Each structure stands twice: as structure tokens, then as C-alpha cells.
Amino acid sequence: LQSNLLTYTNTSSFNMAETRFDVGMTCEGCANAVKRILGKVEGVSDIQTNVEAKSVVVMHDDSVSKDDLLAKLQKWSAASGKSVALSS
């Protein structure tokens, strides 16, 4: 038997971008909250958190603005008391 393989190619005109944040995460609960919040943003494809380094790396298409991502995290920051900033 021969199997047919289907290949999906994303033909959108968006380029992928990476945005880094410094986030005052103290535990995996914080990291999971960050992933849950940013994962709801349309255009975000991957979120990597590192509690020890207090860093978050977000892969997204260019339809997503850094300011929108930052605003989402700042809302969480106000409720949690954790620091949030764009990495330089």
C-alpha cells in the first residue's frame, strides 16, 4: 500500500518575529499564567518561559505588536505584583 502524505504550507504574507520580555516570575504557576495569557493572542505561535532567568520569548507573526503583548502582560503584572518589561 502506498500512503499519500499531505504537506501544509502556510501561505500567509506574515513574517515571524521574536519578542523578549523580562518578567518577574517566581514559579511555574507564574510561567503558566504568562503562557495562558499570551497564548490567547491571535498570531502567537510559541511561548518559551524560563523562571530562573525570568525571561519570556514569544514567537509571533508580524500582525502582532510588541505593545499589545506588553499590555497583556502589564495587566497580569498589576494583578500579580510581578514586574514586566520588554527586554533590550
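For the structure itself, consult the block above.
These figures come from a predicted structure and were not determined experimentally.

Moving on: the side chain of T19. Examined against the element boundaries, T19 turns out to sit in strand β1 (residues 16-23). Only 2.6 Å separates the side chain of T19 from the side chain of H60, close enough to count as a polar contact. With near-sequence residues (within four places) excluded, T19 lies in contact with V56, V57, V58, H60, K66, L69 and L86.

Across 7 bridges, β1 lies against strand β3 (residues 55-61) in antiparallel orientation. Within β3, the residue paired with M16 across the bridge is D61. Here 3 bridges tie β1 to strand β4 (residues 84-86), and the two strands are oriented antiparallel to one another. Bridge pairing in β4 places D22 opposite A85.

As a further point, take the nonpolar core. Residues V23 and V56 are the most contacted members of the largest nonpolar core, which totals 20 residues. Elements that contribute at least two residues to this core include exactly β1, α1 (28-39), β2 (44-50), β3 and α2 (66-80). By residue number, the principal contributor to this core is α1, which donates 5 residues. Discounting residues that sit within four places of it in the chain, V56 has contacts with T19, R20, F21, V23, M25, V34, L38, I47, Q48 and T49.

What follows is about the pairing of β3. Two faces, one strand: in a regular strand the side chains alternate between the faces of the sheet. Here β3 lies mainly inside the structure; 5 of its 7 residues are buried. In this structure, β2 lies alongside β3, joined through 6 bridges in antiparallel fashion. Looking at β3, one finds that Q48 is bridged to V57.

Here we come to a positive patch on the surface. A cluster of basic side chains, namely R36, K40, K72 and K75, defines a positive patch on the protein surface. Its location among the elements puts R36 in helix α1. With a relative accessible area of 53%, R36 lands in the exposed category.

Turning to its location among the elements, H60 is positioned in strand β3. In this structure H60 comes out as buried when scored by relative accessible area, which is 2%. Not counting residues up to four positions away in its chain, the partners in contact with H60 are N15, M16, A17, E18, T19, G43, V44, S45 and L69.

Rules used throughout
Residues numbered from 1 in each chain as written. Predicted model: local features only at pLDDT ≥ 70, side-chain atom pairs only at ≥ 80, totals over all residues. Heavy atoms only, no water. Helix = DSSP H or I, 4+ residues; strand = E, 2+ residues; numbered from the N terminus. Polar contact = N/O pair within 3.5 Å; in protein donor to acceptor, adjacent residues only side chain to side chain. Contact = heavy atoms within 4.5 Å. Pairing = 2+ DSSP bridges. Core = buried A, V, L, I, M, F, W, Y, C linked by side-chain atoms within 4.5 Å. Buried < 20%, exposed > 50% of the residue type's maximum accessible area, 1.4 Å probe, protein only. Patch = residues over 30% accessible without salt bridge, like charges linked within 9 Å, V, L, I, M, F, W, Y side chains within 5 Å. Areas by Shrake-Rupley, 256 points an atom, 1.4 Å probe, with all protein chains shown as cover. Salt bridge = Lys/Arg side-chain N within 4 Å of Asp/Glu carboxyl O. Lys, Arg positive; Asp, Glu negative; His and termini not counted. Charge placed at Lys NZ, Arg CZ, Asp CG, Glu CD.

None of this, on its own, says anything about what the molecule does.
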